[in-house]
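# Secondary and tertiary structure notes
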Amino acid sequence: EQVWMQSVTAIGKIGPDAEKAIEPLCNIFADRSVQKRYRAAWAIGQIGPDALPILGERISDSSTTQRAGAIDALGWMSGSAEPATELLTPMLKDDSVTIRRLAVASLGKLGPIGHPSLAIALLDDDPQVKTMALRDLGRAETLASPLLDSMTQLTRDESPAVRAAALIALGRGMNDAGRLLDLLLNGIQDPSPNVQGAAAHLLKDVDGQTEVALAALSELLEDEERPTRMAAARALGALRENAADSTDALITALRAKRSEQNENDENQLTERDVIAGALIRIGGPAVPALLRASSTSDSASKQIPVALAGIASKASAPLVEALKADSEQTRAGAANAIAAMSPIPDSAIGPLNECLTDSSIIVRTAAINALAINALASQNGNSQEWVSKLETLAVDAQPAIRQAALVALDGTDDTEASLEVFVDRLSDDDETVRLAAAVALGRSETRATSALGPLLSIRDDKLADIRKAVVDAIAKTSNRDEEIVTAVTELLSDPDSSVRVAAIKAVGDMEITSV
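Conventions and cut-offs
- Throughout this document, residue positions are counted from 1 along each chain, in the order its sequence is written.
- With pLDDT at 70 or above as the cut-off, local features in this predicted model cover only qualifying residues; side-chain atom pairs require 80 or more to be listed or tallied, and sums for whole chains, interfaces and linings still use all residues.
- Hydrogens are left out, water is left out, and the side-chain values use all remaining heavy atoms of the structure.
- Strands are runs of DSSP state E lasting at least 2 residues, helices are runs of H or I lasting at least 4, and numbering of each runs from the N terminus.
- Between the two quantities, the radius of gyration covers C-alpha atoms and the globule rule is 2.2 Å times the number of residues to the power 0.38.
- The classification of residues rests on relative accessible area computed with a 1.4 Å probe and restricted to protein chains. Under 20% of the type maximum is buried, over 50% is exposed, and intermediate values are partly exposed.
- Here, two residues are considered to be in contact whenever any of their heavy atoms come within 4.5 Å of each other.
- Reported accessibility uses the Shrake-Rupley method at a 1.4 Å probe radius. Residues are deemed covered only where the shown protein chains occlude them.
- We score Asp and Glu as negative and Lys and Arg as positive, and we do not count His or the chain ends.
- Here the site of a charge means atom NZ of a Lys, CZ of an Arg, CG of an Asp or CD of a Glu.
- We call a set of buried residues a nonpolar core when its members are Ala, Val, Leu, Ile, Met, Phe, Trp, Tyr or Cys and they connect through side-chain atoms within 4.5 Å of each other.
- Counted as salt bridges are all cases of a side-chain nitrogen of Lys or Arg within 4 Å of a carboxyl oxygen of Asp or Glu.
- Each polar contact in these results corresponds to two N or O atoms within 3.5 Å; when the atoms are within protein, one needs to be able to donate a hydrogen and the other to accept it, and residues that are neighboring in sequence are counted only if both atoms are side-chain atoms.
- Residue count minus one, scaled by 1.5 Å, sets the expected span of a helix.
- Working note: the arc is built from the helix axis to C-beta atom directions.
- Two rings from Phe, Tyr or Trp (for Trp, the six-membered ring) form a pair when their centres are within 6.5 Å of each other. A pair whose planes differ by under 30 degrees is stacked, one over 60 is edge-to-face, and the rest are tilted.
- Placement of a positive charge over a ring is assigned whenever Lys NZ or Arg CZ falls within 6 Å of the ring centre and within 35 degrees of the normal to the ring plane.
- Orientation is described by lines fitted to C-alpha atoms, with helices fitted over the stretch in contact, and by angles between N-to-C directions that extend from 0 to 180 degrees.
- Any angle that falls under 35 degrees is termed roughly parallel, while one over 145 is termed roughly antiparallel, one within 65 to 115 roughly perpendicular, and all others oblique.
- The crossing is said to be left-handed when, going from far helix to near helix, the turn is anticlockwise and less than a right angle, and right-handed when the turn is clockwise.
- Following the grouping adopted for this structure description, the nonpolar residues are Ala, Val, Leu, Ile, Met, Phe, Trp, Tyr, Cys and Pro, the charged ones are Asp, Glu, Lys and Arg, and the polar ones are all others, Gly among them.

Here we come to the overall build of the protein chain. Scanning the protein chain from terminus to terminus reveals 32 helices and zero strands. Taken against the 2.2 N^0.38 rule, which gives 24 Å for 515 residues, the C-alpha radius of gyration of the protein chain at 35 Å runs more than 25% over that of a compact globule. Expressed as a percentage of the 515 residues in the protein chain, the buried residues total 50%. Partitioning the intrachain contacts of the protein chain with sequence separation of at least 6 by distance along the chain shows that 62% fall at a separation of at least 24. Surface summary for the protein chain: the accessible area is close to 24800 Å², and the carbon and sulfur share equals 48%. Here the protein chain contributes 49 positive and 74 negative side-chain charges, whose respective centroids are spaced 4 Å apart.

Dropping the structure here:
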C-alpha cells in the first residue's frame, strides 16, 4: 500500500501531463480505504481541468462514494475554481447530509470564488453544514453585505455551535465596529458558554469601541442572571489591561451579597472566583483599586488578596509599599496578599518583620501568617531567630497575637522552649489561645507525651473544641495508666457529640477494653 501511495503522489506531481491516470484514479473512489480515496482525489485535483468532464459524471453517480470522491477532488482544483464551483454548488442541495458537508468543505478550499455558493449552505437545516460554511467564510478578508446579513441572522440560530461560529466569522469579516459590538454583547448574554466564550474573545479586537464595551460589560455585572454576570466578568478579563477602568465595577460585583449556587462544589468556580480571575487578568493596572478595596472588611475580603497575589510580580512592589499605608486595613490586606504569593518576594520579608510591631492587631496577625508561610516554604525559614520571635509573641498582651504565634510556632521544628510555651498557654485566659496550644501539643506523640499532665488538667475546659483536642492528643501517646484511661472513658459521656466521637475513636486507637 505504501508503494501505491507513493505512486499516486508521483502522478499528482506530474500534473496535467498525467491525464491518462484520471479514470483509473476515479475508480479508486469505490475503494474501502479512506486514505486511498483521499490520495486519489488529491492527485486528480493536481492533474487539473482535464478531469472536470469525468468528475462531472461521477458527481451525479448514484453511488455516494463516487459522488463523495468527485466532490473531494474538485476541492483540490484551485486553478480551476470557477468550473469546480459550478459542479459543487448543486451538491449543497443534495438529500444526503454527508454530501452537503463534503461540498461545503471543498467549496471552502476553493477560496473567495466559492463564497456566494456557501451562502446557500447558511440556509441548510443541518447545524454542521452551517457551522462549516461559517468557518470557511470567516477566513475571508471582506464579505458582501448580503452574506453579513445572513451570518448575522445565524447569531440567533437554535444551535449554540452555529451561533458561536457566526460570531467568530463576523468578528473577522464585519467592518462595522458598532454593529459588531452589539452582536458580541448579545453573545455575552447567550445561555451557551461556548457562545459567551467566543464573544468575550472577540471583544478585545473591536476597534474604537473599548469604552462602550466596558460600560456595557460593567452594567452586565449587575444583571439578574448569574451566568450573564459571570460571562461579563470573563469578557472583562479577556480585555486584560484594557479593562482597567472596570476594576471598580468588578470589585463592587465581588462585594455583592449573592448566594453561590456551587459554593460547596470544589470542582466548580464560584462567581467570586470568576471575578477575581478577571481582576488577575487585568493585572498591574488593577492593583491600586484592589489595595484601596483591601481597607474594607467585607464579603470580598478573601478574594481581594487572592487577586493581588495572582497578579504576582506586577503587584509585589506596590504591595510591599502598601505595608506602610495609613490605613490598617490596607496594611493588613497587603500582608494577606503577600502571604498568598508563591513564593513570597524577598523584598517583602523585611517590611513584614517590621509589621510584627505594628500598632494594629490585624496587621500584626497578617504579618505573622505571611512570615509563617514563608518559613514553611524556605529552607532556612524556621531559623532560631524566627522561632524566638514567635515564642516572644506567644506571650503578647493581645490574645489574637498569642493565638497566631502559637499556630505559626506549631509549624516550626520542635524545641524545648517551644514545648514549654505550648504547655504554658494551656492555662491562658483566652480560649482561642488554649485551643491553639492543645492542638499543637496533639500534633505529635512526643509533644503529647511530654505534656500529658497539663493536658489532663484542662480536659474539663468549657470549650468543647479544647476537650476534643485533649482527647486527640492523649490518643497519640502510648501511655495507658489508669488516670489516662479514666479520663478518656469519662469523656465518652461528654455533652458535646464531637468530643464523644473523638473519645470513641481514642478508645479504639488505645485498645482500651475496660469501658
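This part covers the nonpolar core. Counting residues in hydrophobic clusters, the biggest one holds 173 residues, and the most contacted among them are L55, I188 and L217. Setting aside residues no more than four positions away along its own chain, L55 makes contact with C26, F29, I44, A70, A73, L74 and M77.

With respect to the secondary-structure elements, R58 resides in helix 4 (residues 52–58). No salt bridge is formed by the buried R58, whose closest oppositely charged neighbour, E23, lies at an N-O distance of 4.6 Å. There is a polar contact of 3.2 Å between the side chain of R58 and the backbone oxygen of C26. In contact with R58, not counting residues within four places along its chain, are E23, C26, N27, Q66, R67 and A70.

Below, the discussion takes up helix 1 (residues 2–14). The end-to-end C-alpha separation of helix 1 is 19 Å, in line with the 18 Å expected for 13 residues at 1.5 Å each. What helix 1 keeps buried is the set M5, V8, T9 and G12. Relative to the axis of helix 1, the buried residues are bounded by an arc of 105° and lie together on one face. Among the exposed residues of helix 1, those oriented more than 90 degrees off its buried face are V3 and Q6. In the segment just after helix 1, G15 is the residue with positive phi, at about 80°.

Moving on to the pattern of salt bridges. As enumerated under the stated definition, the model contains 22 salt bridges in all. For D126, the salt bridge goes to R101, with nearest N and O atoms at 3.0 Å. Of this pair, D126 sits in the loop between helix 8 (115–121) and helix 9 (127–137) while R101 sits in helix 7 (residues 97–109), and the two are 25 residues apart along the sequence. With a shortest N-O distance of 2.8 Å, R402 and D428 are connected by a salt bridge. Linking R402 in helix 25 (residues 399–410) with D428 in the loop between helix 26 (416–425) and helix 27 (431–441), this pair joins segments that are 26 residues apart in sequence. In this structure D428 comes out as buried when scored by relative accessible area, which is 6%. Three or more residues are tied together by salt bridges with common partners; here these are R402, D424, R425 and D428.

Moving on: the packing of aromatic side chains. The geometry of an aromatic ring pair is captured by two quantities: the separation of the ring centres and the angle between the planes. In the structure shown here, the tally under the stated rule is one aromatic pair. Their ring planes at 80° and their centres at 6.0 Å tell us that Y38 and W76 sit as a pair that is edge-to-face. A residue pair is termed long-range when its members are at least 10 positions apart, and Y38 in helix 3 (residues 34–47) and W76 in the loop between helix 5 (64–74) and helix 6 (81–88) qualify at 38 residues. For K109, the ring lying beneath its charged end belongs to W76, and the centroid distance is 3.9 Å.

Within the secondary structure, A405 sits in helix 25. Residues A405 and L390 lie 15 residues apart in sequence; the distance between their C-alpha atoms is 5.3 Å. Residues within four places of A405 in sequence aside, it is in contact with I368, L390, L393 and A394.

Another aspect to go through is the environment of E241. By the secondary structure assignment, E241 is in the loop between helix 15 (226–238) and helix 16 (247–255). Those residues in contact with E241 that lie beyond four places of it in its chain are R281, I282 and P285.

The next point concerns the environment of R459. With respect to the helices and strands, R459 occurs in the loop between helix 29 (452–457) and helix 30 (464–476). Placed 370 residues apart in sequence, R459 and T89 show a C-alpha to C-alpha distance of 87 Å. Non-local contacts of R459, meaning those with residues more than four positions away in its chain, are made with R467, V470, A487, E490 and L491. From its side chain, R459 meets the backbone oxygen of L456 in a polar contact 2.9 Å long.

What follows deals with the packing of helix 16 against helix 17 (residues 271–282). Relative orientation of the contacting elements helix 16 and helix 17 amounts to 160°, with a least axis distance of 9 Å. Between helix 16 and helix 17, the angle falls in the class roughly antiparallel. The chirality of how helix 16 crosses helix 17 is left-handed. Mapping the contact onto sequence places T247, L250, I251, A253 and L254 in helix 16 and R272, I275, A276, A278, L279 and I282 in helix 17. The residue makeup of the contact of helix 16 with helix 17, split by class, is nine nonpolar, one polar and one charged.

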